[in-house]
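Architecture and fold: a report
Here's the letter readout for the chains.
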Amino acid sequence: MGAGPGAPDLLTLRAARLLAAADIVFHDALVHPETLALAERAEKVAVGKRCGRHSTVQAFINKRLVDAARKHAVVVRLKGGDPMLFGRAQEEIDALRAAGIEFQVVPGITAALAAAADLGVSLSRRGVSRNVVFATPRVGDGEAASDWAEPLVAADTGAIYMGAGEAAAIAAMLIARGKPASLPVVAVENASFPDSRRWTTTLGGLPRLADEAFSGPVVLLLGEALRAAAADPDRVRTEFLEAAEAHLLRAAM
């Protein structure tokens, strides 16, 4: 099940109905508490994975799902965003199929689409962007590296997940492959929330993203379709700082 980008009211009606009926919910780290509260009668088990922090081993999650399905009538695996995009859903689906367990997939809104909505910018635009590529440079333990950059070089618009910590490497790779350093880039943190933050730059300026103190998930959007969103960087930069100050003030209260 996809929990969406974060805001509880972006959950699908189907997801809300199944959460209410769930006996047990295995959930990611960033699922909003109000979303989890919909599973009022369910046991809740955190199995989240976050970069640089202790994470539950995927094989163990697979086994917990299989064991729970043999015991309970309704088991929910609640993932951030859409489960079928960078969510390791296939590994869990394969484990359920191998065990002969029935399942269904409930989609959710993925972070790139929520970020585009926050910006008021369509990722596709007639005459400017006829294709969109979703990519991540992240490589899991024991996994072979893939050429994530080549599809982005050919794309009109790109959405990069789990890439804020590798901003310099991303910029260097894409520029070396032929993307212009002047290409607009917008980073959106906590897409779909009222205090979502945005940071505009160009591909050449992307390495400076490492200087920003992001605390939530960040998606990078790049391409000419983002030109309007990056047209007034001083204004957006001011909005970013104001949101950051408001966030810190709330945390201190």
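Higher on the page you've got the structure.
Assigned secondary structure in the protein consists of 8 helices and 8 strands. Across the protein, contacts joining residues at least 24 apart in sequence account for 67% of those joining residues at least 6 apart.

To continue, consider the nonpolar core. Counting 21 residues, the largest nonpolar core has Leu 152, Ile 170, Leu 174, Leu 203, Leu 206, Leu 209 and Leu 220 as its most contacted members. Looking at this core, the elements that each hand over two or more residues are strand E4 (132–135), helix H6 (149–154), helix H7 (167–176), strand E6 (184–189) and strand E8 (218–223). If near-sequence neighbours (up to four positions away) are discounted, Leu 174 is found in contact with Trp 148, Ala 149, Leu 152, Val 153, Lys 179, Leu 203 and Leu 222. Ranked by size, the runner-up nonpolar core spans 17 residues in total, among them Ala 115, Ala 116, Tyr 161 and Ala 225.

Further remarks concern the sheet that holds strand E3 (residues 75–78). Strand order in the open sheet formed by 3 strands is E2-E1-E3, with parallel pairing between adjacent strands. On the outer flanks of this sheet lie strand E2 (43–46) and E3, each paired with one strand and no other. Neighbouring strand axes in the sheet, compared pairwise and without regard to direction, differ in orientation by 15° on average. With 4 bridges joining them, strand E1 (residues 24–27) and E3 adopt parallel strand pairing. Bridge pairing links Ile 24 to Val 75 in E3.

Within the element layout of this structure, Arg 177 appears in the loop between H7 and E6. According to the relative accessible area criterion, Arg 177 is partly exposed, its value standing at 33%. Through-space distance from the C-alpha of Arg 177 to that of Ala 154 is 9.7 Å; in sequence the pair is 23 residues apart. Excluding anything up to four places from it in sequence, Arg 177 contacts Asp 147, Ala 149, Glu 150 and Val 153.

Counted under the stated rule, the structure contains 10 salt bridges. The residue Asp 147 makes a salt bridge to Arg 177 at a minimum N-O spacing of 3.2 Å. Taken as a pair, Asp 147 in the loop between E4 and H6 and Arg 177 in the loop between H7 and E6 lie far apart in primary sequence, 30 residues in all. With a shortest N-O distance of 2.8 Å, Arg 177 and Glu 150 are connected by a salt bridge. Of this pair, Arg 177 sits in the loop between H7 and E6 while Glu 150 sits in helix H6, placing them 27 residues apart in sequence. Among the charged side chains, a salt-bridge network with shared partners connects Asp 28, Arg 77, Lys 79 and Glu 92.

Rules of the game
Residues numbered from 1 in each chain as written. Predicted model: local features only at pLDDT ≥ 70, side-chain atom pairs only at ≥ 80, totals over all residues. Heavy atoms only, no water. Helix = DSSP H or I, 4+ residues; strand = E, 2+ residues; numbered from the N terminus. Contact = heavy atoms within 4.5 Å. Core = buried A, V, L, I, M, F, W, Y, C linked by side-chain atoms within 4.5 Å. Buried < 20%, exposed > 50% of the residue type's maximum accessible area, 1.4 Å probe, protein only. Pairing = 2+ DSSP bridges. Axes fitted to C-alpha atoms, helices over the stretch in contact; angles between N-to-C directions. Salt bridge = Lys/Arg side-chain N within 4 Å of Asp/Glu carboxyl O.

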